[in-house]
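In case you want the letters, here they are:
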Amino acid sequence: MSLAEPSSRLLILTGPSGVGKGTVLQALLARYPQVWLSVSATTRPPRPGERHGRNYFFLDHQTFMNQVARGEFLEWAEFAGHAYGTPAGPIQSRLRDGKTVVLEIEVEGARQVRRRLPTAVQVFLRPPSLAALEERIRARGSDSEDSIARRIARAREELARAEEFDHVILNGDLNRAIAEVDAILQGMMPTSPGREQGPNQSPIKGIKGDGTAGQGRSG
């Protein structure tokens, strides 16, 4: 897939939990305010400082599963005892408008999106080692020992799938990782400064209705 294709406007950033996806994205979004970041939904409780509608749409389990049944998620999966999903409607709307969209999700979700939107550009962020990843997770101070063990076990499986993705970037040096993802994102941006126009993205396969999430709709 060529990054110059105007339809390739969805960048998916994935990798094991704790690898630094959010940190990389914060730096890029500060540089490119015109890029739209998709907000995921989850059944896990908010961590300190997280806000509904900004970091995640925090839903109870029944509400989440009702939205799954209505076909409102582009992808969804269960991870570490909680469900996570991506509301499809807002992404579809912005791709139709020619916007550049970034989606930060876990590896299984990224694989689902590949089947629904094969033109998406997928970037896998990997840690220097599993030991380094565990250290980062522990530094957050928000996970139990059992949760950390599950995350590391899952990370081992996810790292084995890294080569499935378009780009694999090592997050050993944060500035270098940001620069590498930046270069990929720049290749997806409109050629005229300040413009976000382009052909309509093909409809997402299998979405029912307008695909929007009832609670916490991101508009």
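Predicted, not measured: the structure shown is a model, and the values here were computed from it. (Residues numbered from 1 in each chain as written. Predicted model: local features only at pLDDT ≥ 70, side-chain atom pairs only at ≥ 80, totals over all residues. Heavy atoms only, no water.)

**Regarding the overall build of the chain**
1) Next: Scanning the chain from N- to C-terminus turns up 7 helices and 9 strands.
2) Next: Taken across its 219 residues, the chain has 47% of its residues classed as buried.
3) Next: Across the chain, the fraction of contacts at a sequence separation of at least 24, relative to all contacts at a separation of at least 6, is 73%.
4) Next: When the accessible surface of the chain is summed, it comes to about 10,400 Å², and 48% of that surface belongs to carbon and sulfur atoms. (Helix = DSSP H or I, 4+ residues; strand = E, 2+ residues; numbered from the N terminus. Buried < 20%, exposed > 50% of the residue type's maximum accessible area, 1.4 Å probe, protein only. Contact = heavy atoms within 4.5 Å. Areas by Shrake-Rupley, 256 points an atom, 1.4 Å probe, with all protein chains shown as cover.)

**Focus: the side chain of arginine 44**
1) Next: Locating arginine 44 in the fold gives a position in the loop between β3 (41–42) and β4 (57–58).
2) Next: Separated by 2.9 Å, the side chains of arginine 44 and glutamate 50 make a polar contact.
3) Next: Sequence-distant contacts of arginine 44, defined by excluding residues within four places in its chain, comprise Glu50, Tyr56, Phe58, His82 and Tyr84. (Polar contact = N/O pair within 3.5 Å; in protein donor to acceptor, adjacent residues only side chain to side chain.)

**Details of the packing of aromatic side chains**
1) Next: The tally for this structure, following the rule as stated, stands at 5 aromatic pairs.
2) Next: Each residue in the set Tyr56, Phe58 and Tyr84 is aromatic and connected to the rest through ring pairs, giving one cluster.
3) Next: Taking the ring centre of tryptophan 36 as reference, the NZ or CZ of arginine 94 above it sits at 4.0 Å.
4) Next: For the cation-ring pair, arginine 114 lies above phenylalanine 165, with the distance from its terminal atom to the ring centre recorded as 4.9 Å. (Phe/Tyr/Trp six-rings, centres within 6.5 Å; stacked < 30°, edge-to-face > 60°. Lys NZ or Arg CZ within 6 Å of the ring centre and 35° of its normal.)

**Quick notes on the environment of threonine 23**
1) Next: Along the polypeptide, threonine 23 turns up in helix α1 (residues 21–31).
2) Next: Threonine 23 sits in the partly exposed class, given a relative accessible area of 40%.

**A few points about the sheet that holds strand β9 (residues 167–170)**
1) Next: As summarised here, the arrangement of the 5 strands in space is β2-β7-β1-β8-β9, forming an open sheet in which the pairing is parallel. The open sheet terminates on both sides in strands that have one partner only, identified here as β2 (36–37) and β9.
2) Next: Examined bridge by bridge, strand β1 (residues 10–14) and strand β8 (residues 121–126) share 4 bridges and lie parallel to one another. Its bridge partner lying in β8, leucine 11 is registered against valine 121. (Pairing = 2+ DSSP bridges.)

**Topic: the pattern of salt bridges**
1) Next: Summed over all chains, the structure comprises 13 salt bridges.
2) Next: We note a salt bridge from glutamate 106 to lysine 21, for which the minimum N-O separation is 3.9 Å. Here glutamate 106, found in the loop between β7 (101–104) and α4 (107–116), pairs with lysine 21, found in helix α1; they are 85 residues apart in sequence, far enough to count as distant.
3) Next: We classify lysine 21 as buried; its relative accessible area is 4%.
4) Next: Between arginine 150 and aspartate 146 there is a salt bridge, and its shortest N-O distance comes to 2.2 Å. Separated by 4 residues within a single helix, arginine 150 and aspartate 146 lie in helix α6 (residues 145–159), roughly one turn from each other.
5) Next: Accessibility expressed as a relative area gives 38% for arginine 150, which makes it partly exposed.
6) Next: Its relative accessible area of 49% is what places aspartate 146 among the partly exposed residues.
7) Next: Each of the salt bridges in this network shares a partner with another, and the network as a whole consists of Glu108, Arg111, Arg114, Arg161 and Glu164. (Salt bridge = Lys/Arg side-chain N within 4 Å of Asp/Glu carboxyl O.)

**Thoughts on the sheet that holds strand β5 (residues 73–79)**
1) Next: Spatial ordering of the open sheet is given by β4-β3-β6-β5, a layout of 4 strands whose pairing is mixed. Either end of the sheet is taken by a strand with one partner, and the two such strands are β4 and β5.
2) Next: Strands in contact with helix α3 (residues 88–96) are β5 and β6 (82–87); relative to β6, the strand with the most contacts, it is inclined by about 25°. (Axes fitted to C-alpha atoms, helices over the stretch in contact; angles between N-to-C directions.)

**A look at the nonpolar core**
1) Next: Leu11, Val24, Val123, Leu125, Ile169, Val181 and Leu185 are the most contacted members of the largest nonpolar core, which has 25 residues in total.
2) Next: The set of elements that each furnish at least two residues to this core consists of β1, α1, β8, α5 (130–140), α6 and α7 (174–188).
3) Next: Among the elements that take part in this core, α7 stands out by supplying 6 residues, more than any other.
4) Next: The residues touching valine 24, leaving out its near neighbours within four places in the chain, are Leu13, Leu125, Leu174, Ile178 and Val181.
5) Next: If you look at the next biggest cluster of nonpolar residues, it comprises 18 residues, including Ala88, Leu95, Ala110 and Val113. (Core = buried A, V, L, I, M, F, W, Y, C linked by side-chain atoms within 4.5 Å.)

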